[in-house]
Amino acid sequence: LLAGLNRLWIMQHPSCRNDQETQDLIEQLQPFCSDHWNIDLRTAWHNVVAALETDPPQQLNQQKQHIHAAMAGSKITNNILGAAVTLCIMRSRFFENVIGEQALKSARAASKQAQRSGNILWQSVADGMLAHSYEVQGQRDESRREWEKATQEAKDAFAGS
């Protein structure tokens with residue numbers, strides 16, 4: 001199941017993109033993942049499916065349902081990293097290049113949760129998203145500070161690998 005979920009992530013890369021294969025794999029995994037006894041696996045399933053870009057695109061209400069289910073699963077298991085991933089996906093899916101306070105709130109929540117997780121790579125991802133959100137808002141100084149922070153976190157994450 002985990003290999004299948006990872007394959008779905010990988011298949012999002014333009015060089016691997018095949019929407020029919022993606023749909024076929026979703027249909028194969030769905031019966032096993034959506035009601036799996038392991039809540040963290042279900043959470044991962046909902047995160048992956050919420051993040052997928054397909055043609056035709058998922059309906060907005062389906063994306064929201066997957067994000068809601070992933071966040072609920074993370075809360076049940078107190079999975080701070082799972083919640084951080086869900087918040088990053090939510091920010092990416094619903095607030096990319098959006099101007100307004102809600103977009104900033106979403107990016108800040110993802111950043112804060114990633115910091116709480118202690119996972120430096122996801123901290124870099126979330127802080128990069130926050131930097132982009134600040135840039136969209138025209139808040140250049142805040143954006144620059146977050147980009148510097150995100151860049152350093154990425155360097156630190158890969159230095160340890």
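Only a predicted model underlies this, so the values are computations on that prediction, with no experimental measurement involved. (Residues numbered from 1 in each chain as written. Predicted model: local features only at pLDDT ≥ 70, side-chain atom pairs only at ≥ 80, totals over all residues. Heavy atoms only, no water.)

Peer 1: Even after reading the chapter, I still don't get the overall build of the chain, so can you show me in this structure?
Peer 2: For the chain, the count of helices and strands is 8 helices and 0 strands. Reading the chain from its N terminus to its C terminus gives the helix and strand order α-α-α-α-α-α-α-α. Along the first, second and third principal axes, the C-alpha atoms of the chain reach 45 × 30 × 30 Å. Going through the 161 residues of the chain one by one, you find that 40% of them count as buried. Within the chain, residue pairs in contact and separated by at least 24 positions form 56% of the contacts whose partners lie at least 6 positions apart. Total accessible area on the chain is roughly 9,100 Å²; 53% of this is exposed by carbon and sulfur atoms. A distance of 7 Å separates the average location of the 16 positive side-chain charges in the chain from that of its 18 negative side-chain charges. (Helix = DSSP H or I, 4+ residues; strand = E, 2+ residues; numbered from the N terminus. Buried < 20%, exposed > 50% of the residue type's maximum accessible area, 1.4 Å probe, protein only. Contact = heavy atoms within 4.5 Å. Areas by Shrake-Rupley, 256 points an atom, 1.4 Å probe, with all protein chains shown as cover. Lys, Arg positive; Asp, Glu negative; His and termini not counted. Charge placed at Lys NZ, Arg CZ, Asp CG, Glu CD.)

Peer 1: Mind showing me how you'd approach the packing of helix 5 (residues 80-95) against helix 6 (residues 101-117) here?
Peer 2: Two packed helices can be described by the angle between their axes and the distance between those axes. One way to put it is that helix 5 packs onto helix 6 with a least axis distance of 8 Å and a crossing angle of 155 degrees. Between helix 5 and helix 6, the interaxial angle falls into the category roughly antiparallel. The two elements helix 5 and helix 6 meet at a crossing, and its hand is left-handed. Residue-level contacts link I80, L81, A83, A84, L87, C88, M90, R91 and F95 of helix 5 to Q102, A103, S106, A107, A109, A110, Q113, A114, R116 and S117 of helix 6. Its residues assigned to classes, the contact of helix 5 with helix 6 shows 13 nonpolar, 4 polar and 2 charged. (Axes fitted to C-alpha atoms, helices over the stretch in contact; angles between N-to-C directions. Parallel < 35°, antiparallel > 145°, perpendicular 65-115°, else oblique. Left-handed = near helix turned anticlockwise from the far one by under 90°. Nonpolar A, V, L, I, M, F, W, Y, C, P; charged D, E, K, R; others polar.)

Peer 1: How should I be thinking about helix 8 (residues 140-159) in this particular structure?
Peer 2: Side chains of residues three or four places apart in an α-helix project in the same direction, reflecting 3.6 residues per turn. With 20 residues, helix 8 extends 28 Å between its outermost C-alpha atoms, agreeing within 8% with the 28 Å of an ideal straight helix rising 1.5 Å per residue. Turning to helix 8, its buried residues number three or more, namely S143, E146, A150, E153 and A157. Around the axis of helix 8, the buried residues are gathered within 95 degrees of arc, so they sit on the same side. The outward face of helix 8, more than 90 degrees from its buried face, is lined by the exposed residues R140, K155 and A159. Among the structural elements, helix 6 and helix 7 (120-137) are those in contact with the buried residues of helix 8. (Expected span 1.5 Å × (residues − 1). Arc of directions from axis to C-beta.)

Peer 1: Could you clarify how one ought to interpret the nonpolar core in this entry?
Peer 2: Nonpolar side chains tend to gather and get buried jointly when the protein is soluble and globular. Ranked by size, the top nonpolar core spans 12 residues in total: L5, L8, M11, L25, I26, L29, C33, L41, W45, V48, V49 and L52. Looking at this core, the elements with two or more residues in it are helix 1 (2-10), helix 2 (19-33) and helix 3 (39-51). By size, the runner-up hydrophobic cluster in this structure holds 9 residues, among which are M71, C88, A126 and M129. (Core = buried A, V, L, I, M, F, W, Y, C linked by side-chain atoms within 4.5 Å.)

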